[in-house]
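# Chain and residue survey
These are the residues of each chain, in order.
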Amino acid sequence: MDRPSFLRSRPPLAAALLAAVTTLAACSSGATTEAGDGQAAASPAGKEIQIGLLAPLTGGSASDGKGMQQGAELAIKQLNERGGGYTFKLKSVDVQGQSNDAVTKGVQTLIDDPEIKAVVTGYASTSNFEIDEFAAAEKVYLIGGNTAQTQAIIEKDPAKYPTVWSVTPNYDAYGVEPVTLALKWADQGLWKPRSKSVFLVRSDNPYSEGIADGLVKEFQSKGWTVAGQEKVPFGAVNDWGTVISKIRAADPDFIVNTDYQVANEASFMQQFLQNPTKSLVFLQYGPNQPQFFELTKQKAEGVLFNNLAGLVPSANYAPSAQLQKDWQAAYGTSEVDPQGVLTYTEMMIYAEALRQVGDPDDAKAIGAAIGALDTEQASGRIAFDPATHLAKQGDDYVPLQSFQFQDEKKVLIAPEKYASGTFRLPPWMS
């Protein structure tokens, strides 16, 4: 192969872009930073392209923000080293706790800067309201999170958003797959539901609420009883005592917590295990982050979780194997941050579209080129739905990956195409 595997596409992508860039300075709350110290000089024919990053670099989701920053940095470093006529530089803006004010300020900072040609993010706000701002400013915006909100905004008039694209698929599978797997394990005799009941915990934000609503509907459609539901405020939750006491009283077969913030889910698990019920426990997203295991250690054993946005962890899938190798070299770990996968992918997709168009100021043409791409990336094959501007979902596109912590490792248990293990009963149920 004459180029790194993560740039393969249908049709094959050409190698992208120029010189080297080093790491960003650490961000303080509300600050913007630029990557460039130690940057190699561009060739005389080269042109510097500034890319904006919106990320929660401080606050409750700072671990996600760190991953976003690392992914964008790594992509920019590789693009600059590879050459091709442009030098990329990153400008990061901290959206802190994702309040509308913080996101609005960050968006305006990047829109007002004429040097910023595109903006990447895992997620910025909880509602993706900023999509309208970037579209109105004709600024390329590549996003990962809150795809239900992205779809709701764009599908009303896709032509209004030629520069906005999501590298993550529709989240509908989040509201179905845990139920499908639970019933499959019951049919296989791997576990035995006692009452076909589920207890759901949600956080007061659109991402958490939408997934919880989908799971309630799916469980009920399969004849299960919702034994209880609790909603917690969006933000730090340290004391889960009241919620867990209600769970213990309900004694369900299955517990779902869709509060995706890592520290919240870690503390929930630690407090639940002080007197656990005989229930499978599924936590939405948080355990994908390395910080979750750092906080829980052996208490993570048996926890179920999934992800639509991260690395496809298969040694036989060349793009993800290459990114793991590169991440290890850059950051000293092969645990590739799922948010880093998003921003890394977004940078590579933007670079290829820019190569095709040739004019960084023609945002609409670059947006059209992005929408037409069909490319193999570390998160799977990415091709876009023109009606929603979301990446397509499925085992042959971006797969929904389901995991369980086993023997202090993340084990991929579905889909079978990529699986490295199978479900087992958690230790508190054995």
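Every chain's residues receive numbers from 1 upward, in the order its sequence appears when written. Totals for whole chains, interfaces and linings use all residues, but because this is a predicted model, local features are given only for residues with pLDDT of at least 70 and pairs of side-chain atoms are given and counted only at 80 or more. Side-chain calculation: all heavy atoms of the structure are included, whereas hydrogens and water are not.

## Topic: the packing of aromatic side chains
Planes of paired rings set the category: under 30 degrees apart is stacked, over 60 is edge-to-face and the rest tilted, where pairs are Phe, Tyr or Trp rings (Trp by its six-membered ring) whose centres lie within 6.5 Å. Applying the stated rule across the entire model yields 21 aromatic pairs. Geometrically, the ring pair formed by Y171 and Y207 is edge-to-face, given 5.4 Å between the ring centres and 85° between the ring planes. Here Y207 lies in helix α6 (residues 206–221) and Y171 lies in the loop between β6 (164–166) and α5 (177–187), a separation of 36 residues in the sequence. With respect to class, Y171 is no different from Y207; both count as buried. On the numbers, 6.0 Å between centres and 15° between planes, the contact of F292 with F405 is stacked. Of this pair, F292 sits in helix α9 (residues 290–296) while F405 sits in strand β14 (residues 401–406), placing them 113 residues apart in sequence. Buried means the residue's accessible area, taken with a 1.4 Å probe over protein chains only, is under 20% of the maximum for its type, while exposed means over 50%, and partly exposed covers the values in between. A residue is classified by how much of its surface remains accessible, and F292, at 0% relative accessible area, is buried. Each helix corresponds to a stretch of at least 4 residues labelled H or I by DSSP, and each strand to a stretch of at least 2 residues labelled E; elements are numbered beginning at the N terminus.

## A closer look at the nonpolar core
Counting 105 residues, the largest nonpolar core has I51, F88, W191, F254, L323, Y350 and I370 as its most contacted members. A per-element tally of this core places helix α11 (residues 338–357) first, with ten residues. Domain delimitation in this document rests on an assignment produced automatically or drawn from a domain database. When residues of this core are assigned to domains, at least three fall in each of domain 1 (47–169 + 315–383) and domain 2 (173–307 + 400–414). Two residues form a contact once any of their heavy atoms are found within 4.5 Å. Discounting chain neighbours no more than four positions away, the residues touching L323 are L74, L311, V336, V341, Y344 and A378. Counting 19 residues, the second-largest nonpolar core is a separate cluster that includes V119, A124, A135 and I154. Put simply, buried Ala, Val, Leu, Ile, Met, Phe, Trp, Tyr and Cys residues joined by side-chain atoms within 4.5 Å make one nonpolar core.

## Structural notes on the pairing of strand β9 (residues 254–257)
The alternating pattern of β9 places F254 and V256 and I255 and N257 on opposite faces, both of which are buried. Pairing between two strands requires that DSSP report at least two bridges joining them. Where strand β7 (residues 197–203) and β9 come together, four bridges link them in parallel fashion. Directly across from L200, in β9, lies its bridge partner V256. In this structure, β9 lies alongside strand β10 (residues 280–283), joined through four bridges in parallel fashion. Along β10, the bridge assignment pairs I255 with V281. Running through helix α8 (residues 262–272), the crossover from β9 to the neighbouring parallel element β10 is right-handed. Handedness of a crossover is defined as follows: with both strands directed away from the viewer, a clockwise route from the first strand across the helix to the second makes it right-handed.

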